[in-house]
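Residue-level structure breakdown
Residue-level listing of the chains:
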Amino acid sequence: LYFKNYSVHLLKAKHFALTMKNTIIILFTFIGFTSFSQHSEELIPSEAVSVFSINNISLLKKISLDELVKYEFMQEVQSELFDGSTSGKTIKDSGLDFDQKLNVYYGKNELFELSGFTFGISNKKQLFTVFDDFEKAKTNITGVELYSSYMNHLLIKGNSGIVIRVEPTYEKVSEITDSIWVARGNSMFFDESYNDYEEGDDYDGDYEEEGIVKDENFEILDEMNPENDLLNKNYWELRDSVTTELQSLYFNQVLNNLFVKEINLIKVSPKFTLQLTHPVDGIFYLDNSKNFSNAKGLWHFQTLFPTLYDDMLDLYTGNIMVGDIVLGESSVDVFMEANYGSELGSIYQKLNSAKFDKKVLKYVHKNNTGFFAYNINLKEGYQRAYDIVIPLLEDEKDPRISYNVLLAELLNEYVNTDALFDTYKGSMFGTFNGVKKVKTTRIEFFYDEETFEYGEREVESEEEMPIFTVGFSTNRNDIPEKVLRHFGRMTSRFKKQEKYWVVEEAVLNSLPLYIINRNGLVVFTNDEDLALNHADGYGKQSLSGKYAKKAQKSKFMYGYFDWGQTLNKLPREMFNSKQNEILDAMRGKAGFMELTSSKTTISKTDFHLKYTFDGSYDNSGKYLLDLVNSIYVLSK
Amino acid sequence: MKFIYLGIILLLFTSCIEIYDDITIKSDGTGTFKYNINLSSSKVKVNSILALDSLDGKKVPSIKDIQAKINTYSQKLSEKEGISNVKIESNFTDFIVKFQCDFKSIEALQKAIKEVIIDESGTKDSKEIDHNWLEWDGIKLVRSIPKITTQYTEKLKTEDSELLKNGSYVSISRFDRNVEKFDNSNAQLSANKMAVMLRANAHSLTQNTSLLENTIYLTNQKKP
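Below you will find a few notes about this structure. All values reported here derive from a predicted model rather than from experimental measurement.

1. Quick word on the nonpolar core
Soluble globular proteins: nonpolar side chains tend toward being buried together. With 45 residues, the main nonpolar core has Ile-23, Ile-25, Phe-33, Phe-103, Leu-109 and Phe-175 of chain B as its most contacted residues. Considering every element that reaches this core, the biggest residue donor is helix 4 (residues 106-121) of chain B, with six residues. With residues near it in sequence (within four places) discarded, Phe-103 of chain B still touches Ile-23, Thr-24, Ile-25, Gly-29, Thr-30, Gly-31, Thr-32, Phe-33, Gly-82, Ile-83 and Leu-109 of chain B. Core analysis: the next-biggest nonpolar cluster, separate from the first, contains 41 residues, Phe-134, Leu-154, Val-332 and Ile-388 of chain A among them.

Here it is as structure tokens:
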């Protein structure tokens with residue numbers, strides 16, 4: 001990058017030298033251009049909560065722009081950005097500088113939501129064949145060019161650009177609109193269509209019919225008397241005006257921070273800055289502490305209990321997840337690091353101090369398709385959390401909190417926590433054993449040959465069903481047994497068999513669920529074979545060898561999944577068309593996903609997710625974008 | 001309209017759907033219409049769909065929503081002129097819904113159904129709604145598929161309609177006198193010669209809606 005910039009500057013310097021023939025000017029010009037150079041990551045707003053940064057964007061050269069805009073992270077930013085002008089073009093033709101990083105970001109606080117991406121620019125002319133809907137707009141910020149298209153903005157500084165969309169939050173717009181609306185003498189507005197919408201209807205009714213669209217004559221009235229319109233806006237028009245004003249206000253705030261005060265994410269987050277230096281294909285950053293402070297329910301909490309809110313915020317400070325992505329020829333490695341502050345860290349450390357329960361392996365068939373286990377010491381975690389959280393709450397004078405503190409303290413004294421945590425220690429496991437045909441019944445229509453009169457009869461049938469097993473470790477099988485016996489007395493659906501319990505029509509109201517409560521485990525499964533024939537485990541058929549050893553060595557979490565096999569068995573209709581497109585790329589290929597975790601320290605836990613597959617992907621860039629998209633959707 | 005769409009999606013993803021469509025017409029033009037939908041052979045699948053929040057980007061209705069909608073249709077239909085004895089039985093253990101009503105005339109039945117569809121879906125002034133799928137002149141019954149339903153089947157994606165390959169549609173026409181002849185060579189005449197049955201595969205029906213078209217001619221003489 002330095003070499004490229006240097007070459008560009010040298011050419012420009014040479015031009016000056018020929019015209020001005022003044023070496024001092026050459027020197028100053030060179031210095032001026034160099035100091036003006038900008039990296040795309042320096043344009044990421046400090047308000048960003050999650051960032052996905054692709055270091056090696058050469059991987060994306062083959063991706064078509066039409067394909068790119070289908071991703072959620074692109075659609076949110078600029079649904080109207082790309083039109084027919086991008087047809088048949090690839091990212092290579094878009095004027096992007098492939099020596100700079102491409103950074104996709106998203107952020108939300110209590111005032112606004114922002115999303116977009118930053119990138120390097122090598123050819124501005126080519127860039128505007130893609131951003132052809134953007135028109136130049138005025139800005140007072142020196143050295144920055146602003147282009148806008150509806151609510152989307154493109155800002156260029158030096159050889160980097162940022163596409164940004166800032167939208168005020170629904171709550172903030174409502175708060176201001178409602179206050180103006182009521183101040184004008186109206187009663188509190190209640191959106192009657194909201195409940196209908198909540199019921200799941202995408203609105204497809206006739207707006208005019210519902211009185212939302214104004215009368216045809218209204219437009220004439222507007223033209224005749226525009227002042228009248230300003231004073232007599234209906235609620236929705238007022239809301240639109242407030243939204244537009246806030247959009248402009250918050251957009252300018254973000255710009256001011258970013259370009260005038262020069263506060264960007266790099267300046268406020270050392271973790272992010274450090275992550276950017278990693279020589280990998282991509283990195284991601286997720287600031288959970290901002291997610292905590294921006295959580296909707298907590299705004300109310302913040303108003304009622306400001307001190308407690310600050311204490312909780314302190315507890316969450318430093319809760320940042322960062323990760324590296326490394327693309328191999330037949331593998332993708334994701335190295336994640338979950339960071340937290342020392343107090344929260346001490347809770348996690350205690351919580352994650354449990355060892356893998358070997359008994360679990362007996363109930364995991366060697367041919368299973370997926371397996372996970374997580375090991376938690378709930379007792380230790382509870383005690384540590386109690387020691388940290390109760391003192392925070394004790395200082396609050398609010399009667400409700402005080403009452404709850406008392407309740408928690410009394411429960412802690414009176415409840416036999418040993419029995420409680422011996423029953424459920426916190427460690428769990430689960431397996432996915434593929435799809436099997438299970439017996440069920442159905443009603444069949446039949447017709448009398450004489451009259452064609454119709455009748456019904458019950459016949460045996462078979463349906464395909466995914467087979468799952470989940471369970472947890474216990475030192476007290478006697479306690480779950482008491483609960484099961486109680487249900488057995490209350491309903492005939494709970495039946496005790498020699499080595500297991502069966503609950504009739506428990507799974508999807510149609511199939512039995514089997515509960516095996518023995519050998520220090522409580523196991524729930526819809527696998528009849530496991531309950532009937534292997535209630536004490538699979539014996540020689542159980543998981544052993546490499547994966548059993550890895551599971552035993554694992555700390556907090558271990559899991560694997562035969563993605564290729566499973567995908568082929570999952571019904572397509574479970575996913576939307578975009579998800580199916582992503583999954584189609586993996587269907588038919590053998591792929592194996594494995595997650596391991598390191599020992600939890602007081603400051604972090606490391607995770608490693610490895611996805612290996614047979615053969616190489618035609619387009620690893622597309623795979624990378626799929627990952628970006630998944631993380632973007634998950635982090636929203 | 002959205003509810004109808006969701007209903008169709010729900011039916012589609014339950015490949016083993018069985019539909020029973022039975023109309024009895026007396027010589028005076030009055031009669032009984034029965035329509036049963038049987039999803040019991042896919043009840044695990046239906047239950048798993050109902051357990052989802054959304055499917056194909058649309059919210060999945062709860063059993064309570066479905067029941068409420070069925071009741072609305074039933075109530076509205078029972079209020080229509082020429083329609084009486086509306087009965088709906090819904091069994092959400094086996095997922096069977098049975099509808100039945102008496103009608104004064106074929107015209108009254110079609111008019112009532114159209115009005116309810118217009119009322120519930122907001123569809124109006126469309127050729128599909130104007131279409132009469134039943135015609136009765138006292139000695140001849142002409143049956144086809146309502147165009148309002150073919151409108152939906154035409155929009156089905158290939159992969160979606162493939163799911164209906166195990167489904168079946170049975171259409172029965174009953175009379176109080178003998179059937180003389182009928183046009184559709186796939187139809188069967190009952191042993192007592194007073195009923196005609198047509199069976200079609202649900203998938204084939206989405207590809208060719210004329211499969212259930214039939215003109216049935218009756219004898220002049222009433223059965224003693």
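2. A few points about the pattern of salt bridges
All names here are of chain A. Applying the stated rule across the entire model yields 27 salt bridges over all chains. Across the pair Arg-457 and Glu-444 runs a salt bridge whose closest N-O atoms are separated by 2.8 Å. You can see Arg-457 sitting in strand 13 (residues 454-473) and its partner Glu-444 sitting in strand 12 (residues 428-447), a full 13 residues away along the chain. Via salt bridges that share partners, Lys-271, Glu-337, Lys-604 and Asp-606 belong to a single interconnected network.

3. Points about the packing of aromatic side chains
Residues and elements named next belong to chain A. On inspection of all chains with the given rule, the structure shows 37 aromatic pairs over all chains. Aromatic pair Trp-181 and Tyr-235: ring centres 5.4 Å apart, planes at 90°, arrangement edge-to-face. Placement of the pair is Trp-181 in helix 6 (residues 170-183) and Tyr-235 in helix 10 (residues 235-260), with a sequence separation of 54 residues. Classification of Trp-181 as buried rests on a relative accessible area of 12%. A relative accessible area of 5% places Tyr-235 in the buried class. Ring plane angle 90° and centroid distance 5.4 Å describe the contact between Tyr-235 and Trp-236, whose orientation is recorded as edge-to-face.

4. So, the packing of helix 17 (residues 378-394) of chain A against helix 18 (residues 399-414) of chain A
Residue and element names in this part refer to chain A. Where helix 17 meets helix 18, the axes come as close as 10 Å, and the angle between the chain directions of the two elements is 150°. In terms of axis orientation, helix 17 runs roughly antiparallel to helix 18. Judged by the twist between their axes, the crossing of helix 17 over helix 18 is left-handed. Where helix 17 approaches helix 18, its residues Tyr-382, Tyr-386, Ile-390, Leu-393 and Glu-394 are matched on the opposing element by Ile-401, Val-405, Ala-408, Glu-409 and Asn-412.

5. Structural notes on the side chain of Thr-417 of chain A
Residues and elements named next belong to chain A. Residue placement: Thr-417 occurs in helix 19 (residues 417-423). Relative accessible area serves as the criterion here: at 17%, Thr-417 is assigned to the buried category. Residues contacting Thr-417, with those up to four places away along its chain left out, are Tyr-382 and Asn-412.

6. Re the side chain of Asp-527 of chain A
Residue and element names in this part refer to chain A. Along the polypeptide, Asp-527 turns up in the loop between strand 17 (521-525) and helix 21 (528-533). Note on Asp-527: relative accessible area 3%, which makes it buried. Setting aside residues up to four positions removed in sequence, Asp-527 forms contacts with Asn-433, Lys-436, Ile-467, Tyr-514 and Tyr-538.

What counts and what doesn't
Residues numbered from 1 in each chain as written. Chains lettered and ligands numbered in written order. Predicted model: local features only at pLDDT ≥ 70, side-chain atom pairs only at ≥ 80, totals over all residues. Heavy atoms only, no water. Core = buried A, V, L, I, M, F, W, Y, C linked by side-chain atoms within 4.5 Å. Buried < 20%, exposed > 50% of the residue type's maximum accessible area, 1.4 Å probe, protein only. Helix = DSSP H or I, 4+ residues; strand = E, 2+ residues; numbered from the N terminus. Contact = heavy atoms within 4.5 Å. Salt bridge = Lys/Arg side-chain N within 4 Å of Asp/Glu carboxyl O. Phe/Tyr/Trp six-rings, centres within 6.5 Å; stacked < 30°, edge-to-face > 60°. Axes fitted to C-alpha atoms, helices over the stretch in contact; angles between N-to-C directions. Parallel < 35°, antiparallel > 145°, perpendicular 65-115°, else oblique. Left-handed = near helix turned anticlockwise from the far one by under 90°.

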